[in-house]
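# A closer look at the structure
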Amino acid sequence: METPLSNSGNPPPKTSHRAPLALSGLDFKLLKVFKAVVEAGGFSAAQNELNVGLAAISKQISDLEIRIGMRLCTRGREGFHLTEEGSLVYQASIDLFASVDNFRDRLSSAQNELVGDLGVGVIDNTISDDNSPLVAALRRINEESPKVRFQLQSSQLDEVERGVVEGRLVAGIVPVYQKREEFDYYALYEERSEVYCALGHPLFSMPDAEIGSHVLKDYEFINHRYAIHRDKLNFVHYDSFSASATQVEAVALLIKTGRFLGFLPQHYAASMAAQGQFRAVRPDLISIVTPFNLILRHNTVRSPLVKAFAQALGVDLKAPV
């Protein structure tokens, strides 16, 4: 169980005429530790990322609080929480390290060499999609610029979008259900999804000739809370949503019970269909196509590394969609 910070009862005093902080190498190190702790969600969770012990992390955060004269966070039985000042310092640290990375990228570009961290978020359960250009792009970047360090995050859509907005990720590769003004979108490929049932479901052994699109409305469907498709209403009644899921794998698990129908990406379900566990229900009549885009934060400078990544993906940054 985490214990309170040593200064948790007595936050660093705020002075009314404090001189501007002159950042040193130590301050950069402490800010990196603080940033890692916030993104890990707490001191204990950051130990693996930082490869140091809990006591060392606690001391470094305390040192940072003393140097800048602010209380940044609390921890204890109630969990890890940022103070208002801590949230401001965290966002400022993101901007600071992004500026440092941009400076480094510009110098590297002048030397015709790419270095730095490439933080990319990708939606989960897309590894089986041969249409995705991501693997080939990462391979090309590594071959041509071996000093680039990949920081790849696979997670849900909202997590990828949040990472790009906050600056923790420079780019995301995501399905687009509705566009947000915080991003610029660039077309990559399309994903085809079909309706599936599993062994034990009444439709599993029913001949295709007996299954029309209207028949699906008689069965229980899974509500895909992460995906908004108006086309689904052509096949599904709202009141047929008797189960919900927030990830593709969760949808597959519910389908596997033999009690529900659900949409799955064709590439994801292909292996289970080949094994005779799943069946695509009238894919000739029922399917949904979802565009996948590269997303970048709107109105930000595109570093040489981001430009190289976009080029490796086959994206023209002058042609957003």
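Residues numbered from 1 in each chain as written. Predicted model: local features only at pLDDT ≥ 70, side-chain atom pairs only at ≥ 80, totals over all residues. Heavy atoms only, no water.

The chain carries the name HTH lysR-type domain-containing protein in an unreviewed UniProt entry, which gives Pseudomonas fluorescens as its organism. Per UniProt, the comment on the chain under Sequence similarities (unreviewed entry) is "Belongs to the LysR transcriptional regulatory family." (UniProt positions renumbered as here; feature names shortened; annotations may be inferred.)

Let's shift gears to the overall build of the chain. Helix and strand content of the chain: nine helices and 11 strands. Across the chain, every contact between residues at least 6 apart in sequence was considered, and the portion connecting residues at least 24 apart equals 70%. For the chain, the exposed area adds up to about 17,300 Å²; of that, 51% sits on carbon and sulfur atoms. (Helix = DSSP H or I, 4+ residues; strand = E, 2+ residues; numbered from the N terminus. Contact = heavy atoms within 4.5 Å. Areas by Shrake-Rupley, 256 points an atom, 1.4 Å probe, with all protein chains shown as cover.)

Before going further, it helps to examine the nonpolar core. By size, the foremost hydrophobic cluster in this structure holds 35 residues, and its most contacted members are Ile173, Leu188, Leu294, Phe309, Leu313 and Val315. Mapped onto this core, the elements with two or more residues apiece are strand S3 (116–123), helix H5 (134–144), helix H6 (157–166), strand S5 (171–175), strand S6 (183–198), strand S11 (288–297) and helix H9 (304–313). Sorting elements by how many residues they give to this core places H9 first, with seven residues. Those residues within four positions of Ile173 in sequence are excluded, and the remaining contacts are Gly121, Val122, Ile123, Leu134, Leu188, Phe292, Asn293, Leu294, Phe309 and Leu313. Counting 19 residues, the second largest nonpolar core, distinct from the first, contains Leu30, Leu31, Ile61 and Ile94. (Core = buried A, V, L, I, M, F, W, Y, C linked by side-chain atoms within 4.5 Å. Buried < 20%, exposed > 50% of the residue type's maximum accessible area, 1.4 Å probe, protein only.)

Considering the arrangement of structural elements, one finds Glu191 in strand S6. According to the relative accessible area criterion, Glu191 is buried, its value standing at 7%. For Glu191, the side chain forms a polar contact with the side chain of His267, separated by 2.9 Å. If we skip the residues at most four places from it in the chain, Glu191 touches Asp129, Pro265, His267, Ile288, Val289, Thr290 and Phe292. (Polar contact = N/O pair within 3.5 Å; in protein donor to acceptor, adjacent residues only side chain to side chain.)

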